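# What the coordinates show
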Amino acid sequence: MPQTLTRAPARATAEAFGKVSNLEEIYALLATLDIENGWAKREPSMWPRPRQNFVPAHWSYGPAKAALEAAGRYINTELAERRNLILANPIPGNTYATVRTLVAAYQMVKAGETARSHRHTANALRLVLDTAPGTYTVVDGRKIPMVRGDVLLTPNWCWHAHANESPADAYWMDILDVPTVHLLNPMFFEHHEEGLEPVTGTDEQGAFRYAFADSVVRLEAATDIAPGRREIALLNPQGGPAMATVGLSVTRLEPGVKLVQEPSTASAVMAVIEGGGTAEIDGKTITWTRGDAIACPAGLAQTVTAQSRCYLLHATDEPLMRALGWLRPIPAV
Ligand SMILES: [Fe+2]
């Protein structure tokens, strides 16, 4: 049987446009040239203000910790690059991002385990939730202790591994800019050829670790922004944001004190280092406690109220939005 060849429609010539008698004919000819008309678009390309595409959401550490403990019976670090639980914002079709630009995940490394070295262009940080002495991260060959409340960085293209030489399973929350990398597409990832990168020394202090003990001291020395509210930025050694795409701050609130954030184009994840309280975002009331994560999407006002003295980590895409000239308040409708 001879094969039937499907012919692509002929591409319209300039001459063809000279003979049209209506707009529909122009559209048909444009289609053969892979051109869309810009005056009667199928979908608008601009709109007056940001669309609300992510919703406020809350994840409790308690059940996530139990889930990781259970998963630890079936998943080892040979099978999984990382044993983690992705906090995917509950909007239709989303299985990954926590807010538009960031993803948060809980991770566990069991006593005696290592999570092998890899590196990626995505910027990452972790808030240490539960560890015992002997748990550490290796960043570019430097061993960095993981102590409860610490914030550790593994910026763009730094090798990193995790090791737990303690008798207790170790838990933390990762926050990465992977959704931003997905949007812009500069994704690179590779494993270290030696499995676990060689350790050249230990850094108790340094550019990759914000020890919680240091943050507590800094907050103690800081002045109130408002009665009962203090805040410090976790900056890089040059004085800029912690990482190119992610800014970090720690807020201390006394019991009963409120933190009000007006809506802007920035998205954030709030992670609870210590304490408990409530949050109101877009009419949704959330009750949070230590280790919990809260998605604070762009465009929504938030009011956080402390019930006990609390320390809150905010990871925000503000540096990215500011660098691009897109950090703006979003007025209420
Ligand atoms: Fe990683």
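If you're wondering where the values come from, they're calculated on a predicted model, not measured in any experiment.

Time to look at the overall build of the protein chain. When helices and strands are tallied, the protein chain shows six helices and 22 strands. Dimensions of the protein chain, computed from the C-alpha atoms along their principal axes, are close to 80 × 55 × 40 Å. Taken across its 333 residues, the protein chain has 38% of its residues classed as buried. Across the protein chain, contacts joining residues at least 24 apart in sequence account for 74% of those joining residues at least 6 apart.

A few words now on the sheet that holds strand β14 (residues 229-234). Strands sit in the order β1-β20-β17-β22-β15-β14 across an open sheet of six strands; the sheet is antiparallel. With one partner strand each, in any of the chains shown, β1 (57-59) and β14 form the two edges of the open sheet. Strand-to-strand, the axes of this sheet are offset by a mean angle of 20 degrees, without reference to chain direction. Across four bridges, strand β17 (residues 268-274) lies against strand β20 (residues 293-296) in antiparallel orientation. In the strand pairing of β20, V269 is matched with A295. Contacts from helix α5 (residues 212-221) reach β14, β15 (247-253) and β17, with the element oriented near 130 degrees to β14.

Relative to the helices and strands, W59 resides in strand β1. For W59, a count of 22 C-beta atoms within 10 Å translates into the label buried. Taking C-alpha positions, W59 is 18 Å from Q307, a pair spaced 248 residues apart along the chain. When sequence neighbours within four positions are dropped, the list of residues in contact with W59 reads A64, L87, D292 and A293.

What follows covers the pairing of β17. Among the seven residues in β17, six count as buried, and that is most of the element. Relative to strand β22 (residues 310-316), β17 runs antiparallel, the two being bridged by six bridges. Each residue of the ladder has a partner; that of A268, found in β22, is T316.

This part covers the sheet that holds strand β6 (residues 135-139). Strand order in the open sheet formed by six strands is β11-β4-β9-β6-β7-β12, and the pairing between neighbours is mixed. Only two strands of the sheet have a single partner each, and these edge strands are β11 (189-191) and β12 (201-202). Pairing analysis gives four bridges linking β6 to strand β7 (residues 142-145), with the strands arranged antiparallel. Among the inter-strand pairings, V138 is bridged to a residue of β7, identified as K143.

Moving on: unusual backbone geometry. Of note in the backbone geometry, D34 takes a positive phi value of approximately 55 degrees without being a glycine. Take D34: it is sitting in the loop between α2 (23-32) and β1.

Note that strand β4 (residues 114-120) and strand β9 (residues 160-164) share three bridges and pair antiparallel. Its bridge partner being in β9, H118 is matched across the sheet by H160. Two elements, β4 and β11, share three bridges in a ladder whose sense is antiparallel. Residue H118 lies in a different strand from β11, and its bridge partner there is H191.

Cut-offs and rules
- Residues numbered from 1 in each chain as written.
- Predicted model: local features only at pLDDT ≥ 70, side-chain atom pairs only at ≥ 80, totals over all residues.
- Helix = DSSP H or I, 4+ residues; strand = E, 2+ residues; numbered from the N terminus.
- Buried ≥ 20, exposed ≤ 12 C-beta atoms within 10 Å, placed from the backbone.
- Contact = placed C-beta atoms within 7 Å.
- Pairing = 2+ DSSP bridges.
- Axes fitted to C-alpha atoms, helices over the stretch in contact; angles between N-to-C directions.

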